[in-house]
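Listed here are the chains, written in short residue letters.
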Amino acid sequence: MNSYLSLVKDVENVTFIENDDLKSRSTAHVGGTAILSAFPRNANSLCKLIEKLKKGNIKHCVIGNGSNVIFPDGIYDGVVIFTKKMKEVVFDGDFVTADCGVNLIYLSAICAQRGLSGLEFSCGIPASVGGAVYMNAGAHGGCISDVFENGKFYLPDGRIETLDNSEMTFSFRKSRAAAEKFIVLSATFKLKKDEISNINSRIERIKKVRAESQPIEFPSAGSVFLPSGDTPAWKLIDGAGLRGYSVGGAMVSDKHAGFIINTGGATASDYSTLTELIKEKVKNIYSVDLQTEIIFIK
Ligand SMILES: Cc1cc2nc3c(=O)[nH]c(=O)nc-3n(C[C@H](O)[C@H](O)[C@H](O)COP(=O)(O)OP(=O)(O)OC[C@H]3O[C@@H](n4cnc5c(N)ncnc54)[C@H](O)[C@@H]3O)c2cc1C
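Computed from a predicted model, the values in this text were never measured in an experiment.

Visitor: Explain the overall build of the protein residue by residue, including any values.
Guide: Looking only at helices and strands, one finds 9 helices and 19 strands in the protein. A compact globule built from 298 residues should have a C-alpha radius of gyration of about 19 Å, and the protein, at 19 Å, falls within 12% of that. Projected onto the principal axes, the alpha-carbon positions of the protein cover approximately 55 × 50 × 30 Å. For the protein, the proportion of its 298 residues judged to be buried stands at 49%. Long-range pairs, those at least 24 residues apart, make up 63% of the contacts in the protein between residues at least 6 apart in sequence. Element-wise, carbon and sulfur atoms account for 49% of the exposed surface of the protein, whose accessible area totals about 13,700 Å². Positive and negative charge centroids in the protein, built from 34 and 33 side chains respectively, lie 1 Å apart.

Structure below.
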């Protein structure tokens, strides 16, 4: 048993995996091995686990669906906490409260089935609720902050607080949770009633657009860069002649130049080298500093 496991093994309601292969745990299929992965089943266990890791000064990170992260190559010398087993969903009239590990595509689908509208924009975003709140995920004219009522957060000082929308300083793909390193435990969304057929037709339309415009047939971490003002990053990348450009197994998608796809065997180093190269070229041509949206886990 490794020393990290011996420190945290008595935290209840957590599944542990030693020497865990991280490749299969992100949508980009990149990364090495975590000394320990942990899968808490409720908020209490998640908080207790983090408390112990902090006390033991052990490196750790919290991961939802792994759809916006690149895990490091080699060994992650710490504990990767995955929220995917925290999956309670509670409906209350027009409100739905979901644990941080609930899959957003699933949540959008079950809200639609109940005639609750508001999450259609997220029907194709492969996020967890926690990751989506943290990143203020959005698409097709909607985003999390449009429907976020309040959420429960574990703060760096160990307190658990409920914060409402006005306290979250949401902006494009940004939130107070990310800025201040809050752990999202659960979130409540305010939806509104609509005909199921109307909701479903919006979902079908969005799914069609996404399938036509995004390289969903390849592993990726979604859009790599934030837009520069009103200009989407893919336009600048395309203009710099980088569509289809590759480093090792990482390639600027032919279909959507804002995505870097894993064509097979891509490493975090391939992703990082290609990301830096894109930034440099775009800076030289357009004098624009592209900001990275994807997160390289260190
Ligand atoms: C094919 C594809 C399409 C995509 N399309 C879109 C899109 O249309 N719109 C969009 O906005 N994004 C899109 N993304 C990106 C991604 O889905 C979002 O950024 C999403 O919000 C990430 O959620 P996640 O649960 O996967 O987070 P992860 O990748 O697991 O983590 C992302 C960050 O959130 C943090 N985090 C995760 N869970 C928690 C938690 N409970 N508490 C605190 N921090 C947490 C992690 O530490 C990390 O820093 C796409 C990605 C892919 C692969």
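Visitor: Any chance you could break down the sheet that holds strand β6 (residues 89-92) for me, citing the residues and the numbers?
Guide: Read across the sheet, 5 strands follow the order β6-β7-β13-β11-β12 without closing on themselves; strand pairing throughout is antiparallel. Bordering the open sheet on either side are β6 and β12 (160-164), each of which pairs with just one other strand. Neighbour-to-neighbour, the strand axes of this sheet turn through a mean angle of 15°, independent of strand direction. Sheet topology places strand β11 (residues 148-154) next to strand β13 (residues 183-190); 6 bridges connect them, and they run antiparallel. Bridging from a neighbouring strand, N150 pairs with T188 of β13. Helix-sheet contacts for helix α2 (residues 43-55) involve β11, β12 and β13, and the interaxial angle to β13 is about 150°. Across the sheet, helix α3 (residues 104-113) is in contact with β6, β7 (95-99) and β13; its angle to β6 comes to roughly 30°.

Visitor: Got a sec to walk through the environment of V247? Specific residues and values, please.
Guide: By the secondary structure assignment, V247 is in strand β16 (residues 246-247). When the C-alpha atoms of V247 and S122 are compared, they prove to be 31 Å apart, with 125 residues separating the residues in sequence. In contact with V247, other than residues within four places in its own chain, are D270, T273 and L274.

Visitor: An account of the side chain of N68 is needed here, citing residue identities and associated values.
Guide: Looking at the secondary structure, you find N68 in the loop between β3 (60-63) and β4 (69-70). On the accessibility criterion, N68 (13% relative accessible area) is buried. Of the polar contacts made by the side chain of N68, one reaches the backbone oxygen of E293; its length is 3.3 Å. Apart from the residues within four sequence positions on either side, N68 is in contact with M135, A221, S223, E293, I294 and I295.

Visitor: How would you sum up the packing of α3 against helix α7 (residues 196-213)? Please name residues and give values.
Guide: At a closest axis distance of 8 Å, the pairing of α3 and α7 adopts a crossing angle of 150°. As the angle between them shows, α3 and α7 are arranged roughly antiparallel. Between α3, through S108, A112 and Q113, and α7, the contact on the second element is made entirely by I196, I199, N200 and I203. Of the residues in the contact of α3 with α7, the class split is 4 nonpolar, 3 polar and no charged.

Reading the values: rules and limits
- Residues numbered from 1 in each chain as written.
- Predicted model: local features only at pLDDT ≥ 70, side-chain atom pairs only at ≥ 80, totals over all residues.
- Heavy atoms only, no water.
- Helix = DSSP H or I, 4+ residues; strand = E, 2+ residues; numbered from the N terminus.
- Rg over C-alpha atoms; globule rule 2.2 N^0.38 Å.
- Buried < 20%, exposed > 50% of the residue type's maximum accessible area, 1.4 Å probe, protein only.
- Contact = heavy atoms within 4.5 Å.
- Areas by Shrake-Rupley, 256 points an atom, 1.4 Å probe, with all protein chains shown as cover.
- Lys, Arg positive; Asp, Glu negative; His and termini not counted.
- Charge placed at Lys NZ, Arg CZ, Asp CG, Glu CD.
- Pairing = 2+ DSSP bridges.
- Axes fitted to C-alpha atoms, helices over the stretch in contact; angles between N-to-C directions.
- Polar contact = N/O pair within 3.5 Å; in protein donor to acceptor, adjacent residues only side chain to side chain.
- Parallel < 35°, antiparallel > 145°, perpendicular 65-115°, else oblique.
- Nonpolar A, V, L, I, M, F, W, Y, C, P; charged D, E, K, R; others polar.

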